[in-house]
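For reference, the chains in residue letters:
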Amino acid sequence: MNEGLVVCVRAIISFFSLLIFAKILGKEQISQLTFFDYILGITIGSIASEATVDLSSRAWPHFVGLVTWSALAYLMQLITLKWRYAAKVIEGEPTIVIMNGKIMDNVLKKMKFRISDILALLRNQGIFDLNEVDYAILEPNGSLSVLKKSEYLPLTPKDMNIPVKPAGISTELVYDGVLIEENLRQMNKDKKWLMNQLKKYGINDISEAFLVTLNDAGSLYVDKYKDDIKKVKDIGDYKGPY
Amino acid sequence: MRKFIINAIPITALALFILIMLSGHFLKKTVGISIPQSIDDIIEAVNNDSWDKAGNILDDFEKAWDKVLIWIQFSSERDEINKINSCIARLKGAIAAKDKSNALMELHEAYNHWTNLGK
């Protein structure tokens, strides 16, 4: 038995099977990770790794395990999507831990959270003074959402009655030296306009541009492959081997 | 068409993977069709005390086993494969020693492992 070759083939099978199942499970898995989702991810990964290297058993039972866990995760997603009550039971719900600036200590006790944990989560958000906090909500994934009191919120142009033009999101027109014509059409521009703009940056051909983006406000960002930076600043504090 | 291809690729890939993982049982009956017959032939030769004949069939059996192994190794357990290899090695010794009881034991054990391969 050529164990190296068998492990290689089983690794390819596990890798692409895991990729397909992860795509089927979708983005919800990444954005709303609860503690159970972490365990699910670890378990599925563990099954895939055993399918690769555990030559003492066939790949098929491991594959069946992988399919079963992924199918159950998908089923759980469907159930929580369609049935609100099940979603509350399985995933939990957001809980207010600070209300009107006051700490809900009975809620903390119920959630088995210490106040020091809440203070740590607040510090992660740059809040070192509890007087700034109006509401703090503990999300099902363990993160803390904070609403500061109005007087501590950052100033906005609206507060100063300053009219601003909406910037919109940036759209990539050139990515890695390749022109994305669909995006150019979407922004109601043509290649002639783009080349005229790029000439101002010393670019005569699309392939010289690494990245070009344009937003609704008309702000164009251009990055060339040639950065004219002789040496990148070394911000490390240790010389190292290289 | 594009959507069809995007959906067809993962389905085809999964189907291919399942085919590879379950191919052992099918390949045993095609590529490995001579293995059970070889074992029966060696049993018959050992029973008749035709040790030279048993040794020759064993050599052919070993070659056939090496050929089959290339195909079935992806859908079989390593332990079963190693046990068959051990049986062949011990069988060689039993035939050389003209030890009927050990030879027959190894042959039946090899047959059992062959049957369990890919299950």
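Scroll up for the structure.
Residues numbered from 1 in each chain as written. Chains lettered and ligands numbered in written order. Predicted model: local features only at pLDDT ≥ 70, side-chain atom pairs only at ≥ 80, totals over all residues. Heavy atoms only, no water.

**Q** For this particular structure, what's the right way to read the overall build of chain B?
**A** Along the backbone of chain B there are six helices and zero strands. Ordering the α and β elements of chain B from the N terminus gives α-α-α-α-α-α. Against the globule reference of 14 Å for 119 residues, chain B gives a C-alpha radius of gyration of 19 Å, more extended than a compact globule. Within chain B, counting contacts between residues at least 6 apart in sequence, those at least 24 apart form 72% of the total. Between the averaged position of the 14 positive side-chain charges in chain B and that of its 15 negative side-chain charges there is a distance of 11 Å. (Helix = DSSP H or I, 4+ residues; strand = E, 2+ residues; numbered from the N terminus. Rg over C-alpha atoms; globule rule 2.2 N^0.38 Å. Contact = heavy atoms within 4.5 Å. Lys, Arg positive; Asp, Glu negative; His and termini not counted. Charge placed at Lys NZ, Arg CZ, Asp CG, Glu CD.)

**Q** Looking at this model, I keep getting lost on unusual backbone geometry. Mind explaining?
**A** Excluding glycine, most residues fall at negative phi; most peptide bonds, likewise, are trans. All names here are of chain A. At K112, a position not held by glycine, the phi torsion is positive, near 60°. Summarising the element assignment, K112 is placed in the loop between α6 (105-111) and α7 (115-124). In this model, D176 sits at a positive phi of 55°, which is unusual for a non-glycine residue. With respect to the helices, strands and loops of the structure, D176 is situated in the loop between β5 (171-175) and β6 (178-179).

**Q** Could you clarify how one ought to interpret the pattern of salt bridges in this entry?
**A** Pairing between side chains becomes possible if they bear opposite charge and their charged atoms approach one another. Residue and element names in this part refer to chain B. With the rule as written, the count across this model stands at eight salt bridges over all chains. Residue D49 is joined to K100 by a salt bridge in which the shortest nitrogen-to-oxygen separation is 3.7 Å. With D49 in the loop between α3 (34-47) and α4 (51-72) and K100 in helix α6 (residues 100-116), this pair connects stretches of sequence that are 51 residues apart. Classification of K100 as partly exposed rests on a relative accessible area of 31%. A salt bridge links R90 to E109, with the shortest nitrogen-to-oxygen separation between them at 3.9 Å. Of the two residues, R90 is situated in helix α5 (residues 78-96) and E109 in helix α6; the sequence distance between them amounts to 19 residues. Exposure remark for R90: the relative accessible area of 42% places this residue in the partly exposed category. We classify E109 as partly exposed; its relative accessible area is 29%. (Salt bridge = Lys/Arg side-chain N within 4 Å of Asp/Glu carboxyl O. Buried < 20%, exposed > 50% of the residue type's maximum accessible area, 1.4 Å probe, protein only.)

**Q** Any chance you could explain the interface of chain B and chain A here in plain terms?
**A** Note on interface size: it is often stated as the accessible area lost on association of the parts. At the junction of the two partners, chain B supplies 19 residues and chain A supplies 19 residues. Taken together, the two surfaces of chain B and chain A that pack against each other cover about 1,800 Å², and 73% of this comes from carbon and sulfur. Applying the counting rule to chain B against chain A returns one salt bridge. Summed over the shared surface of chain B and chain A, the number is three residue pairs in polar contact (both at pLDDT 80 or more). Broken down by secondary-structure element, the contributors of at least two residues to the side of chain B that touches chain A are α1 (2-21) and α5 of chain B. The element that contributes the greatest number of residues to the side of chain B that touches chain A is α1 of chain B, accounting for seven residues. Partitioned by chemical class, the residues of the side of chain B that touches chain A number eleven nonpolar, four polar and four charged. (Buried area = accessible area lost by both parts, 1.4 Å probe. Polar contact = N/O pair within 3.5 Å; in protein donor to acceptor, adjacent residues only side chain to side chain. Nonpolar A, V, L, I, M, F, W, Y, C, P; charged D, E, K, R; others polar.)

**Q** Mind showing me how you'd approach the sheet that holds strand β3 (residues 133-138) of chain A here?
**A** Paired through their backbone hydrogen bonds, the strands of a sheet run either parallel or antiparallel. Residues and elements named next belong to chain A. The strand order across the open sheet formed by four strands is β2-β1-β3-β4, and the pairing between neighbours is antiparallel. One side of each edge strand has no neighbouring strand; the edge strands of this open sheet are β2 (102-103) and β4 (144-148). Pairing between strand β1 (residues 95-99) and β3: three bridges, direction antiparallel. Paired with I98 across the bridge in β3 is A136. Together, β1, β2, β3 and β4 form the strand contacts of α7, whose direction differs from that of β4 by roughly 70°. (Pairing = 2+ DSSP bridges. Axes fitted to C-alpha atoms, helices over the stretch in contact; angles between N-to-C directions.)

**Q** For this particular structure, what's the right way to read a nonpolar patch on the surface?
**A** Residues and elements named next belong to chain A. A surface patch of nonpolar side chains, about 800 Å² in accessible area, is lined by L72, L75, M76, I79, W83, Y85, V89 and I90. Elements with a contribution of two residues or more to the nonpolar patch: α4 (59-82) and α5 (84-91). Per element, the largest residue contribution to the nonpolar patch is four residues, and it comes from α4. With respect to the helices and strands, Y85 occurs in helix α5. Classification of Y85 by relative accessible area gives exposed; the value is 57%. (Patch = residues over 30% accessible without salt bridge, like charges linked within 9 Å, V, L, I, M, F, W, Y side chains within 5 Å. Areas by Shrake-Rupley, 256 points an atom, 1.4 Å probe, with all protein chains shown as cover.)

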